[in-house]
Amino acid sequence: NTTSREERGMKFFITGGGGQLALAFQRLLKEENLPFAVYSRQELDITDITRVRKRMQEEKPDVVINCAAWNDVDSAEQNWRGAYMVNAIGPRNLAIAAEELGIPLVTFSSDYVFNGKSVRSWTIADKPDPINVYGQTKLLGEEFVKDHIRRFLIVRVSWVFGPEGREESNFLKKVLRWSREKDELKIVSDQISSPTYAPDLAERVMELLTLRAWGTYHLSCSGRCSRYEWASFALKEIGWKKNIVQAQSNEFRTLAQRPAMSSLDSFPLEEFGIFMPRWEDSTLRFLKAIGQKNGGNNNV
């Protein structure tokens, strides 16, 4: 795969440069010796279509990968305009500009487009029905992309975590910080999903690009867990001996309601030969990557 991409000299245009997903793509592209231009929010405001067009015409990329997102689920309830601009108008602008240049767009959506009222994992055939503003903004972003570009990958992900990015950039990093500060952690056991490891996600997206199999996909680790199970697994692995207790979502006051069961079924990706590791395996590699004890020594 790598050689064919290098022969074509494929150049990537990445938005949302400072985030953990964009950082995972940059690491992968460097490893594969593929050229890319990357823009942080400060360098390129994707909600400004004029600037998006200008920057893309200057760079002349072969693929756009949109990692820019408004990910603060609670603040989206209050600043809904800001969230809609970044999560819906932004992807729309990138889709319009990419279509004008005749190149494909990869953009990321969320398990939060579903209402959470399911006993099984959600498939691409299930009808979205978001229960919070964040989910609504991501769904509108999907619809805009489909309206404005012919070749796209809309990749829905859940509970994204990666070794790079800010300390507060994902749930596990927060759990590890709390474990250093507190003797008892209360973690919700009534929110269930599939974690998505950013480096694995970047690799699978590259496989999809190579296949040129455009469309909407679910791409998260295989298996599913509650936030409590995920935190317990990671803390046990680093040898944390203090107390972790199960809690219910309604014990915490949050502005946005969270879907109870939002794990994603990755059908039909296995049929294409694209597989994601189990969440336990990815969690061990994450712990190893950030220098936490034991991670990666166990064979899952």
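Residues numbered from 1 in each chain as written. Predicted model: local features only at pLDDT ≥ 70, side-chain atom pairs only at ≥ 80, totals over all residues. Heavy atoms only, no water.

Some thoughts on the overall build of the protein chain
Here is step 1 of the chain: Assigned secondary structure in the protein chain consists of ten helices and twelve strands.
Here is step 2 of the chain: By principal-axis analysis of the C-alpha atoms, the protein chain measures approximately 55 × 40 × 40 Å.
Here is step 3 of the chain: Taken over 300 residues, the protein chain has a buried fraction of 54%.
Here is step 4 of the chain: Pairs at least 24 residues apart make up 80% of the contacts formed inside the protein chain by residues separated by at least 6 positions.
Here is step 5 of the chain: Here the protein chain displays about 13800 Å² of accessible surface, and carbon together with sulfur accounts for 47% of that area.
Here is step 6 of the chain: The average position of the 41 basic charges and that of the 39 acidic charges among the side chains of the protein chain differ by 2 Å. (Helix = DSSP H or I, 4+ residues; strand = E, 2+ residues; numbered from the N terminus. Buried < 20%, exposed > 50% of the residue type's maximum accessible area, 1.4 Å probe, protein only. Contact = heavy atoms within 4.5 Å. Areas by Shrake-Rupley, 256 points an atom, 1.4 Å probe, with all protein chains shown as cover. Lys, Arg positive; Asp, Glu negative; His and termini not counted. Charge placed at Lys NZ, Arg CZ, Asp CG, Glu CD.)

A look at the packing of helix α9 (residues 227-237) against helix α10 (residues 279-289)
Here is step 1 of the chain: The interhelical angle for the contact between α9 and α10, taken along N-to-C directions, is 45°, at an axis separation of 10 Å. By the angle class used here, α9 and α10 are oblique. Considering only the axes of α9 and α10, their crossing is right-handed. Along the contact surface, α9 presents E229, W230, F233, A234 and E237, while α10 presents W279, E280, T283, L284 and L287.
Here is step 2 of the chain: Broken down by class, the residue content of the contact of α9 with α10 amounts to six nonpolar, one polar and three charged. (Axes fitted to C-alpha atoms, helices over the stretch in contact; angles between N-to-C directions. Parallel < 35°, antiparallel > 145°, perpendicular 65-115°, else oblique. Left-handed = near helix turned anticlockwise from the far one by under 90°. Nonpolar A, V, L, I, M, F, W, Y, C, P; charged D, E, K, R; others polar.)

Focus on the sheet that holds strand β5 (residues 152-157)
Here is step 1 of the chain: A sheet is described by the order of its strands in space; here six strands give the open sequence β2-β1-β3-β4-β5-β10, paired in parallel fashion. At either end of the open sheet lies a strand with only one pairing partner, and these are β2 (36-39) and β10 (215-218). Averaged over all pairs of adjacent strands, the angle between their axes in this sheet comes to 20°, without regard to strand direction.
Here is step 2 of the chain: In this structure, strand β1 (residues 12-15) lies alongside β2, joined through four bridges in parallel fashion. If you follow I14 over to β2, its bridge partner there is V38.
Here is step 3 of the chain: Packing against the sheet, helix α2 (residues 20-31) makes contact with β1, β2, β3 (63-66) and β4 (105-110), and its axis sits at approximately 155° to β1.
Here is step 4 of the chain: Across the sheet, helix α8 (residues 198-211) lies against β1, β3, β4, β5 and β10, angled at about 155° from β5, the strand it touches most. (Pairing = 2+ DSSP bridges.)

What about the layout of surface pockets?
Here is step 1 of the chain: There is about 260 Å³ of room inside the second largest pocket.
Here is step 2 of the chain: Going through the elements one at a time, α2, α8 and α10 are the ones with two or more residues in the lining of the second largest pocket.
Here is step 3 of the chain: Considering only residue class, the lining of the second largest pocket consists of seven nonpolar, no polar and six charged. (1 Å grid on protein atoms, 1.4 Å probe; cavity = no way out; pocket = protein on both sides within 12 Å on 5 of 7 lines; lining within 4 Å. Points joined across faces, edges and corners; volume = space filled by probe spheres on them.)

Quick word on the pairing of β3
Here is step 1 of the chain: In β3, alternate side chains face the same way, and those of V63 and I65 on one face and V64 and N66 on the other are all buried.
Here is step 2 of the chain: Of the strand pairs in this sheet, β1 and β3 are connected by four bridges, and their pairing is parallel. The partner of F12 across the bridge, within β3, is V63.

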